[in-house]
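So the chains spell out like this:
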Amino acid sequence: MQPIVRNNLQLYSELCRQNRSDTELRTIKAAYDLGTQLYSGYCQADGRPFISHTIGVAGLLAQMGMPAEIIAVGLLHNVYGNGDFGDGRAHVVTEFRKQIVAAAVGPRIALLLHRFRSCRVTTKSVDDIEAKLDGLDETDRHLVLVDLADYCEKYVDLGVLYFGDSTWITEEVEVMGARLIQLARRLEQPELAELMASLFQAVEQHPAIPAAILPPIEHRYPYLVLPLSAKMRLRTIAAGWYRRNFSRRRWRR
C-alpha cells in the first residue's frame, strides 16, 4: 500500500491520481467540508485534530479503490456518534441530524452512515460478522472495511500510544486483532491485512511513551478545545445572564 494519507490535500492528490470523476470529487469534498463543521474544535485523544483521523480512514479506503460514497462515509463514519450537531446530544440518530447530513452530502450517504453503525466490528459483534460475511451484499462488505480502516488508522504513527487511555481500543485488538486481519483478507484486501498486522505489532512492541508528552488520562475519546475568543464570549454571556437573573435589586425584594 502507498504512503498513508494524512491530510486533505494528500487525499485529493490520491483521488486525482486515480482519475476520479468530478461527481466523485464533489461528493468527497462535500463530506470533508461537513466533517470540518461537525468536528470543528475537536481533537482525537492523541491530540491531533479529529478531522485528521477521518481523513486517514478515507485515505485508506481511497487507496483500496472504494467507491466515492464509501470514502465519504470514511470521512464521516461515526458522525452520528460523536459529531457536534449543536443539539447537545451524542450517540443518537435523529431526523434533525439526518437532514443536516443529507443536505450536505445527499440522502444516500446519510443512510449509509446510519447503516454503518450495524457493521462495526467489536468483541461482541465479531462472531456474527464473521458468520454472515460471505452473505453480505457489496455495500455492507464495504462498510465493514470502513471499520477495519478505522482500527488501522488509530495505530498509524503509534497513535493509540498517545491516547490518555486507549485501553478501549488496544484491549479489543489484543483479543481479536488476528480476526480483524483475517476479515480484511476475506474481504479481498490483502494489503490492508498486511498493514494492520505490521501496525498492531509495532504498537505491541514499542516501549512506553514518556509521560511528559502524554495527554491527561481522561482523554480517551475525541475532546473539544475551545479557542480563547469562544471562552471569553461564553463568559460574557454567562455574566450577562447572572446579572439579569441574580441582580442586587432582585435579592432586595
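Residues numbered from 1 in each chain as written. Predicted model: local features only at pLDDT ≥ 70, side-chain atom pairs only at ≥ 80, totals over all residues. Heavy atoms only, no water.

A. Just the packing of aromatic side chains, in detail. Under the criterion given, the structure shown has 5 aromatic pairs. The interplanar angle of 15° and the centroid separation of 6.3 Å between the aromatic rings of Y80 and F85 together place this pair among those described as stacked. Both residues of the pair, Y80 and F85, belong to the buried class. Taken together, a centroid distance of 4.9 Å and an interplanar angle of 50° make the contact between W168 and Y221 tilted. Of this pair, W168 sits in helix α10 (residues 167-186) while Y221 sits in the loop between α11 (190-205) and β2 (223-224), placing them 53 residues apart in sequence. Owing to a relative accessible area of 40%, Y221 belongs among the partly exposed residues under this scheme. (Phe/Tyr/Trp six-rings, centres within 6.5 Å; stacked < 30°, edge-to-face > 60°. Buried < 20%, exposed > 50% of the residue type's maximum accessible area, 1.4 Å probe, protein only. Helix = DSSP H or I, 4+ residues; strand = E, 2+ residues; numbered from the N terminus.)

B. Main features of the packing of helix α1 (residues 8-17) against helix α2 (residues 22-38). Look at α1 against α2: their axes get within 11 Å of each other, and the N-to-C directions meet at 170°. As the angle between them shows, α1 and α2 are arranged roughly antiparallel. Along this stretch, α1 crosses α2, giving a crossing that reads as right-handed. Residues N8, L11, Y12 and L15 of α1 form the contact with α2, whose participating residues are L25, I28, K29 and Y32. Residues of the contact of α1 with α2, tallied by class, amount to 6 nonpolar, 1 polar and 1 charged. (Axes fitted to C-alpha atoms, helices over the stretch in contact; angles between N-to-C directions. Parallel < 35°, antiparallel > 145°, perpendicular 65-115°, else oblique. Left-handed = near helix turned anticlockwise from the far one by under 90°. Contact = heavy atoms within 4.5 Å. Nonpolar A, V, L, I, M, F, W, Y, C, P; charged D, E, K, R; others polar.)

C. Layout of the nonpolar core. Formed by 73 residues in total, the largest nonpolar core has its most connected members in L11, L61, L75, L148, L180 and M196. Tallying contributions element by element places helix α9 (residues 138-155) first for this core, with 9 residues. Other than its neighbours up to four places away in sequence, L180 contacts V121, L148, Y151, V173, M196 and F200. (Core = buried A, V, L, I, M, F, W, Y, C linked by side-chain atoms within 4.5 Å.)

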